[in-house]
Amino acid sequence: MVSGTCVIGLQWGDEAKGKLVDLLAPQFDLVVRYQGGANAGHTVVAGDQTYKLHHIPSGILHTQVQNFITPGVVINPSTMLDEIDGLANRGIHCEKNMRISERAHLVMPWHIAEDKIINSTAVRGESIGTTNRGIGPCYRDKVGRTHAIRMADLIQESRDERIGTVAAQKVELLTKMGATQEELDSISPERVISLAADWAERLKDMIGDTTEMLLAACEADKKILFEGAQGALLDIDHGTFPFVTSSNSSGVGVCAGAGVPPRWINHVLGVCKAYSTRVGGGPFPTELDDATGEKIRTLGNEFGTTTGRPRRCGWFDAVALKYTARLSGVTRLALMMMDVLAHFDELKVCVAYELDGKRLDTFPAHADQLRRCKPIYETIPGWNQPVDDVRQVSDFPSGALDYVKRIEELVGIPVGVLSVGPDRAQTIFTEAANALELKN
Ligand code: IMP
């Protein structure tokens, strides 16, 4: 029986995927994080507790669920250990139900120093505005191979020699790149060799061959939930390049990152906000640089989980959504933050673009073209009534349901989940969610 379900962000990240994964996790045997790294910030609210997770799969709060971090993820061991310690202080012990792939690459201190230096460089007149978590430099070393360090290297006898050699070369490189003395001290071979010994000691029991374990789980008909990080518009191959992250964050990235062939995946839940947000640089056709944008930012508390940066806000972009939903093989949509749109007299949805005087119904490949795209809006009456207390579809004001219906029509995919707030209880499953074969 095929039993893989993916939760994929369809915009520029921050679509509240963590909340959904946490909610769905008890219905699965395994939760798998398969790309990205500490650039992700998944917020999970359980009762009066809020958990901010960066590497650790959002299924960790459920002790019966096995959580895997697979080869496509890049791991900063110091940050991950901080996360593990933070959870342990609140009674959640990752050693019991989390496994980390020996094939996963490590974000080393020099990657962070490199990210900070390169991030100040403008590309096409604008900085990418990375999270400064060393993600791009780590993936670059992975593809380059010569300077990469993997989890498996941490537990080999050759560890100190390998890390010492790479560190010495990185000191030379970063000196040429203009690193500060403090940055150079932070990557000295002695310091990093000592750090790595500590990481190895603390993580060794969790490191294993997740590829083999996952394949065995698929073959044993286990139910697996794949947790995407970032969003499809940030996908390195299919997003708004070069203003993207360095991994395949759309649905097409699941198989490569996890080490699972397509035959084991049968459902894809595409997650989007009822409006749009973006952090960092890059084109954003429906961006609202005005009081309406500010109102969305305030009502939605749109500030980055990882960096605290204010997020850019704008109306829902159905052209972009249709593109990423098709690219990711989405079978049902989850429309989040409906509560934020509950305070407007009228709402707008972008139904097409105007590019150089012509109507465009598809998403352009080039950032310069996207930057020139002007949104063609359809205006929809707002319902202007709070929905935070809504617990079933029939409780929604009819205006809210009209908005949902229009999005379904424009994107061409039914909405299976509606969210009206951060709490688990503020999640409504529609009839269309039955197709996802969830238990509730
Ligand atoms: P990087 O992934 O840190 O290299 O950042 C590249 C781009 O992706 C920047 O615009 C970041 O703001 C954005 N980005 C990376 N991770 C996330 C995320 O989890 N949510 C939203 N944006 C992200």
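For the structure given in this document, a descriptive report is provided here. (Residues numbered from 1 in each chain as written. Predicted model: local features only at pLDDT ≥ 70, side-chain atom pairs only at ≥ 80, totals over all residues. Heavy atoms only, no water.)

1. Quick word on the site of the ligand
Lining the immediate surroundings of the ligand are 15 residues, of which Asp14, Asn39, Thr131, Thr245 and Arg309 lie closest. Here the residues of the shell around the ligand sort into six nonpolar, seven polar and two charged. (Near = heavy atom within 4 Å. Nonpolar A, V, L, I, M, F, W, Y, C, P; charged D, E, K, R; others polar.)

2. What about the sheet that holds strand β5 (residues 66–69)?
If you walk across this open sheet you meet the ten strands as β11-β7-β5-β2-β12-β1-β13-β17-β21-β22, and the pairing is mixed. Either end of the sheet is taken by a strand with one partner, and the two such strands are β11 (207–208) and β22 (427–429). (Pairing = 2+ DSSP bridges. Helix = DSSP H or I, 4+ residues; strand = E, 2+ residues; numbered from the N terminus.)

3. Notes on empty space enclosed by the protein
Taken as a whole, this structure holds one cavity of 30 Å³ or more when the rule is applied. Estimates place the volume of the largest cavity at around 40 Å³. In this structure, the largest cavity is lined by Gln11, Trp12, Leu233, Ser276, Asp317, Ala320 and Leu321. Here the lining of the largest cavity is composed, by residue class, of four nonpolar, two polar and one charged. Counting residues domain by domain, the lining of the largest cavity receives three or more from each of domain 1 (3–101 + 209–264) and domain 3 (271–436). (1 Å grid on protein atoms, 1.4 Å probe; cavity = no way out; pocket = protein on both sides within 12 Å on 5 of 7 lines; lining within 4 Å. Points joined across faces, edges and corners; volume = space filled by probe spheres on them. Domains from an automatic or database assignment.)

4. A look at unusual backbone geometry
Across the chain, the bulk of peptide bonds are trans and the bulk of non-glycine residues have phi less than zero. A cis amide bond links Phe241 to the next residue, Pro242, at an omega of 0°. The backbone of Asp221 sits at a positive phi, close to 60°, despite the residue not being glycine. Residue class for Asp221 comes out partly exposed when judged on its relative accessible area of 41%. (Buried < 20%, exposed > 50% of the residue type's maximum accessible area, 1.4 Å probe, protein only.)

5. Focus on the nonpolar core
Core analysis: the largest hydrophobic core is formed by 72 residues, its most contacted members being Phe226, Phe316, Leu333, Leu335, Met338, Trp383 and Tyr403. The biggest single contributor to this core is helix α15 (residues 398–411), with six residues. Taken domain by domain, this core gets at least three of its residues from each of domain 1 (3–101 + 209–264) and domain 3 (271–436). What Tyr403 contacts, discounting residues up to four positions off in sequence, is Ala274, Phe316, Met338, Leu341, Leu347, Val349, Ile380 and Trp383. (Core = buried A, V, L, I, M, F, W, Y, C linked by side-chain atoms within 4.5 Å. Contact = heavy atoms within 4.5 Å.)

6. Things to note about the pattern of salt bridges
For the coordinates displayed, the defined rule picks out 20 salt bridges. Among the ionic pairs, Glu15 bridges to Lys17, the shortest N-O distance being 2.7 Å. Comparing Glu15 with Lys17, the two get one shared label, buried. Via salt bridges that share partners, Asp14, Lys273, Glu302 and Arg311 belong to a single interconnected network. (Salt bridge = Lys/Arg side-chain N within 4 Å of Asp/Glu carboxyl O.)

7. Topic: the side chain of Thr427
Note that Thr427 resides in strand β22. According to the relative accessible area criterion, Thr427 is buried, its value standing at 9%. Of the polar contacts made by the side chain of Thr427, one reaches the side chain of Lys19; its length is 3.0 Å. Within the local environment of Thr427, its side chain forms a polar contact with the backbone oxygen of Arg424, the two atoms lying 2.8 Å apart. Filtering out sequence-adjacent residues up to four positions away, Thr427 remains in contact with Lys19, Leu20, Leu23, Val417 and Leu418. (Polar contact = N/O pair within 3.5 Å; in protein donor to acceptor, adjacent residues only side chain to side chain.)

8. Observations concerning the packing of aromatic side chains
What describes a pair of aromatic rings is the distance from one ring centre to the other and the angle between the planes of the rings. Tallying each qualifying case throughout the model produces five aromatic pairs. Arranged with centres 5.9 Å apart and planes meeting at 70°, the rings of Trp315 and Phe344 form a pair that is edge-to-face. Residue Trp315 is found in the loop between β15 (312–314) and β16 (316–317), and its partner Phe344 is found in the loop between β17 (332–336) and β18 (346–355); the two are separated by 29 residues along the sequence. One exposure class covers both Trp315 and Phe344, and it is buried. When the centroid spacing of 6.1 Å and the interplanar angle of 55° are considered together, the rings of Trp383 and Tyr403 count as tilted. With Trp383 in the loop between β20 (374–381) and α15 and Tyr403 in helix α15, this residue pair connects regions lying 20 residues apart in the sequence. One aromatic cluster in this structure is built from Tyr323, Tyr353 and Phe363. (Phe/Tyr/Trp six-rings, centres within 6.5 Å; stacked < 30°, edge-to-face > 60°.)

9. As for the packing of helix α4 (residues 109–119) against helix α5 (residues 135–144)
At a minimum axis separation of 7 Å, α4 and α5 run at an interaxial angle of 115°. Relative to α5, the crossing made by α4 is right-handed. Contacts between α4 and α5 pair Trp110, His111, Glu114, Asp115 and Ile118 from the former with Ile135, Pro137, Cys138, Arg140 and Asp141 from the latter. Tallied by class, the residues present in the contact of α4 with α5 amount to five nonpolar, one polar and four charged. (Axes fitted to C-alpha atoms, helices over the stretch in contact; angles between N-to-C directions. Left-handed = near helix turned anticlockwise from the far one by under 90°.)

10. Remarks on the side chain of Thr245
Among the secondary structure elements, Thr245 is positioned in the loop between β12 (224–227) and α11 (254–258). Within the structure, the side chain of Thr245 is placed 3.2 Å from the side chain of Asn39, a separation counted as a polar contact. Setting aside residues up to four positions removed in sequence, Thr245 forms contacts with Asn39, Ile135, Gln230, Leu234 and Ile236.

Geometry only, nothing functional implied.
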